[in-house]
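Chain residues, written in single-letter form:
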Amino acid sequence: MDGAAAAFSVILPDRALRIENLGMTQAAIPDAAIRVRNVSHQFGEVGEARHVRALLNTSLDIARGELLCLIGPSGCGKSTLLNVMGGLFTPTTGAVTVGTTPVHGPMPHDIAFIFQESALFPWNTIFENMILGMTFQGVPKSEREDRARRALEAVGLDEFAAHYPSQLSGGMRQRAALARALSLETQILLMDEPFGALDEQTRMVLGEDLSVLLSRSKKTIVFVTHSLGEAVFLADRVAVFSARPGTIKEVITVDEPHPRKPEFMTSAKFHRLRDQLYGLLHEEIRKSMSQSAKPKRAYEDQAKGDS
Amino acid sequence: MSSPRRKFKDRFASRLVQVGFLVVVLLLWYLATTRWGVNKLLLPNPLNVWDQLADVIRKGEYLNDLRITLTELAVAFVISTVSGTLLGYAISRSPYLIKVFEPLFAGIYSIPIILFLPLYVLFFGLGPASKIALGTTISFFPVVLSTIAGFGNVDKVLVTAARSMGASDYQLFRFVLVPAALPVILSGLRMGFTVALLSVIGSETIASLAGLGHRIVNLAENMDMARMFAYIVFVIAIAASLNTVVSVLEARGRRQR
Ligand SMILES: Nc1ncnc2c1ncn2[C@@H]1O[C@H](COP(=O)(O)OP(=O)(O)OP(=O)(O)O)[C@@H](O)[C@H]1O
Ligand SMILES: [Mg+2]
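(A) Expanded view of the domain arrangement of chain B. Domains assigned within chain B are domain 1 (1–38) and domain 2 (58–256). Using only C-alpha atoms to locate each centre, domain 1 of chain B and domain 2 of chain B end up separated by 31 Å.

(B) Spotlight on the site of ligand 1. All names here are of chain A. Among the 14 residues in the neighbourhood of ligand 1, the closest are listed as S74, G75, S79, T80 and H226. A distance of 2.7 Å is found between an oxygen atom of ligand 1 and a backbone nitrogen or oxygen belonging to G75. Contact between ligand 1 and C76: an oxygen atom at 3.2 Å from a main-chain N or O atom of the residue. Of the residues belonging to the shell around ligand 1, the class tally is four nonpolar, six polar and four charged.

(C) Region of the structure containing the side chain of S40 of chain A. All names here are of chain A. Along the chain, the position of S40 falls in strand β1 (residues 34–43). Owing to a relative accessible area of 15%, S40 belongs among the buried residues under this scheme. Polar side-chain contacts of S40 include one of 2.8 Å to the backbone nitrogen of N57.

(D) Examining the sheet that holds strand β10 (residues 248–253) of chain A more closely. All names here are of chain A. Reading across the sheet, the six strands line up as β6-β7-β8-β3-β9-β10 and stay open at both edges, with mixed pairing between neighbours. Only two strands of the sheet have a single neighbouring strand rather than two, namely β6 (111–114) and β10. Between one strand axis and the next, the sheet turns by 15° as a mean value, whatever way the strands run. Note that strand β3 (residues 67–71) and strand β9 (residues 237–241) share four bridges and pair parallel. Following the sheet pairing, L68 is matched in β9 by R237. Those strands touched by helix α5 (residues 170–183) are β6 and β7 (188–192), and its axis lies near 175° from that of β6.

(E) Here's a closer look at the interface of chain A and chain B. Taken together, the contact pairs 19 residues of chain A with 16 residues of chain B. Where chain A abuts chain B, roughly 1500 Å² becomes buried across the two surfaces, and 77% of that area is made up of carbon and sulfur atoms. Together, F121, W123 and F136 of chain A form the three largest contributors to the area buried by chain A at its contact with chain B, with a combined 45%. Taken together, the connections running from chain A to chain B amount to zero salt bridges. Where chain A touches chain B, the interface holds two residue pairs in polar contact (both at pLDDT 80 or more). Elements with a minimum of two residues in the side of chain A that touches chain B: β6 and α3 (126–137) of chain A. For the side of chain A that touches chain B, the leading source of residues is α3 of chain A, giving five residues. Partitioned by chemical class, the residues of the side of chain A that touches chain B number 14 nonpolar, three polar and two charged.

(F) Highlighting the packing of aromatic side chains. A complete count under the given rule lists 19 aromatic pairs over all chains for this structure. Ring-pair connections join several aromatic residues into one group, and the members of that group are F121, W123 and F136 of chain A together with F175 of chain B.

(G) Structural detail: the pairing of strand β8 (residues 220–224) of chain A. Residue and element names in this part refer to chain A. In terms of burial, β8 is a largely internal element, five of the five residues being buried. Residues T220, V222 and V224 of β8 are buried on one face, and the alternating residues I221 and F223, pointing to the opposite face, are buried as well. The pairing of β7 with β8 spans five bridges and is classified as parallel. Paired with M191 across the strands is F223, a residue of β8. Crossover connection from β7 via helix α6 (residues 200–217) to parallel β8: handedness right-handed.

(H) Quick look at the nonpolar core. Counting 74 residues, the largest nonpolar core has L67, F121, L178, L210, F223 and L277 of chain A together with V176 of chain B as its most contacted members. Among the elements that make up this core, the one with the highest residue count is helix α8 (residues 169–206) of chain B (eight residues). Ignoring sequence-local partners within four residues, the contact set of V176 of chain B consists of F121, W123 and F136 of chain A together with V154, L158, A162 and Q171 of chain B.

(I) Seen up close, the pattern of salt bridges. Scanning the entire structure with this criterion turns up 19 salt bridges over all chains. In this structure, R37 of chain A engages D61 of chain A in a salt bridge whose closest nitrogen and oxygen atoms are separated by 2.9 Å. Here D61 of chain A lies in strand β2 (residues 52–62) and R37 of chain A lies in strand β1, a separation of 24 residues in the sequence. For D55 of chain B, the salt bridge is made with R58 of chain B, and the minimal N-O distance between the two is 3.2 Å. One end of the pair, D55 of chain B, and the other, R58 of chain B, are both in helix α2 (residues 46–59), three residues apart, so they sit about a helical turn from each other.

(J) Looking closely at the state of the cysteines. Residue and element names in this part refer to chain A. This model, assessed by the stated rule, comprises zero disulfides over all chains. The cysteine C69 is free of any disulfide, with C76 supplying the nearest cysteine sulfur at 13 Å. Its relative accessible area of 0% is what places C69 among the buried residues. The class of C76 is buried, set by a relative accessible area of 1%.

(K) Inspection of the packing of helix α3 (residues 63–92) of chain B against helix α6 (residues 128–152) of chain B at higher detail. Residue and element names in this part refer to chain B. Axis separation between α3 and α6 bottoms out at 6 Å; the angle between their running directions is 30°. In the packing of α3 onto α6, the handedness of the crossing is right-handed. Looking at side-chain class alone, the contact of α3 with α6 contains 13 nonpolar, twelve polar and two charged residues.

(L) Main features of empty space enclosed by the protein. Following the criterion strictly, the structure yields three cavities of 30 Å³ or more and no others. Approximately 80 Å³ is the volume found for the largest cavity. Lining the largest cavity, in full, are A112, F113, I114, F115, S118, A177, R180, A181 and L184 of chain A together with A161, S164 and M165 of chain B. Taken together, the elements giving at least two residues each to the lining of the largest cavity come down to β6 and α5 of chain A together with α7 (156–164) of chain B. Partitioning the lining of the largest cavity into residue classes produces nine nonpolar, two polar and one charged. Put simply, the second largest cavity is a space of about 40 Å³. Considering the residues around the second largest cavity, the lining is formed by L66, T69, L70, L197, I201, L212, V235, I238 and A239 of chain B. Looking at the lining of the second largest cavity, the elements with two or more residues in it are α3, α8 and α10 (225–255) of chain B. Class assignment for the residues of the lining of the second largest cavity results in eight nonpolar, one polar and no charged.

How each quantity is defined
- Residues numbered from 1 in each chain as written.
- Chains lettered and ligands numbered in written order.
- Predicted model: local features only at pLDDT ≥ 70, side-chain atom pairs only at ≥ 80, totals over all residues.
- Heavy atoms only, no water.
- Domains from an automatic or database assignment.
- Near = heavy atom within 4 Å.
- Polar contact = N/O pair within 3.5 Å; in protein donor to acceptor, adjacent residues only side chain to side chain.
- Nonpolar A, V, L, I, M, F, W, Y, C, P; charged D, E, K, R; others polar.
- Helix = DSSP H or I, 4+ residues; strand = E, 2+ residues; numbered from the N terminus.
- Buried < 20%, exposed > 50% of the residue type's maximum accessible area, 1.4 Å probe, protein only.
- Pairing = 2+ DSSP bridges.
- Axes fitted to C-alpha atoms, helices over the stretch in contact; angles between N-to-C directions.
- Contact = heavy atoms within 4.5 Å.
- Buried area = accessible area lost by both parts, 1.4 Å probe.
- Salt bridge = Lys/Arg side-chain N within 4 Å of Asp/Glu carboxyl O.
- Phe/Tyr/Trp six-rings, centres within 6.5 Å; stacked < 30°, edge-to-face > 60°.
- Right-handed = clockwise from strand over helix to strand, strands pointing away.
- Core = buried A, V, L, I, M, F, W, Y, C linked by side-chain atoms within 4.5 Å.
- Disulfide = S-S within 2.5 Å.
- Left-handed = near helix turned anticlockwise from the far one by under 90°.
- 1 Å grid on protein atoms, 1.4 Å probe; cavity = no way out; pocket = protein on both sides within 12 Å on 5 of 7 lines; lining within 4 Å.
- Points joined across faces, edges and corners; volume = space filled by probe spheres on them.

See below:
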């Protein structure tokens, strides 16, 4: 905890400074960790049944060391954007750069992913999962075991190294996935609803841990969530998506140092930000619901025409 | 805490029932031949069969037929394993190929291919070649189908995760695809082995020059019922031990992926 406190005091001025620069929505950030420029993405071709325009002309800069939450209606393209940032999808148009490198494929040395389902290999123990991830990334053999142990300690799973993923609870599995990502020692973490399948309480505790971890490690994190509370509690900035085809509607700044205490959740500031987010989201969720209701209306019209 | 002991007890109990069942069948067989006057030409006395079996084994008379049958089986199984897994893997790489070939193979697998034995004999002769060809054909389908299913249904998230961590093509194959597909492929191989054994021995009884199936039919034609039954018991023992070996190998393969 001492270490965390020290890191916290070091980080604080840096963070405060940066946040001043970020007052504007979607303003360009000098020396950004990730730059997303005019990215659009569609699945399938126009006219095909599976054709979907998932992202429309999205631009976003993510500052070094910040935690940015993506929030928006289901199906608006948040996962798509995350996958584009990490080089898992090539966008239909537009470009992403990480540091100064244009992204054309996975960048295992810069970016680690954490998926909604833990994506641990079920036939390997937790420890073997850690080792395998580092093998893929190309970590020298002599370093792997040591790094695996340290990462497992950081998430409090060192006693479960020999367990198989199926022998852990959902929350423990996500912590193990987080440990695997940490052991890769990348500067950037992309997390797609990592706590989405967990209950509210577990999620909040894991959020607190993540906040502590973040203040220690100075990692850049992009975090997709459906939970307003989680977004406000974790994020330095929250990017709100419009309904599909998704684009960023507004970016809200949460000016509160890490690590954040549970008390923050009961503060007036927390509630004000949460309500603001809800106001922005509410509209878009209505829109996205009427989108999915369209086919039904068409069907009713047709029924009228028939009679 | 008492769960291992409980398990052992359960296993012991079910073994007891199984052994009891066999004993009852043997007893009924014995009574049928000694008390109820069933014709010896239809059903020989089990004690007679036992003597004949001892004689067959002591003289080593079975050796040549066993060698031929096992060779046919081994060659057929190796060919269908190699071709089935390679082809299955190639097909599983493309959703389009899966859509074309999976229903096709499943359809062919469901017809009784043994009906084509006369054709196989015409093409490959009465010797081992026709047995090998038929055994290969029949066991190819479970192998190729399970390989397609195994490699075709690997959880996409795991593949994406491996790629995101920088896995090379070889690493993806070795550490993700193979371990994910192995249990399904192994049960396909076990099934393939079983049907290969059935079709090799089955086709030997229909049209052949040698082999255990041939020997059994020959004895039947000479009305040497006790010795024929001795051979049947012998084949059952061989088949049971082979299947046990294959099941053990399968279980071990599952654990060591
Ligand atoms: N592989 C794919 N093929 C075709 N369409 C896809 C594919 N992946 C996503 N889509 C479509 O693209 C749209 C955006 O998907 P995406 O997964 O990015 O949404 P999301 O914002 O992450 O939603 P959620 O919050 O429900 O996870 C959806 O309408 C989805 O149907
Ligand atoms: Mg998603």
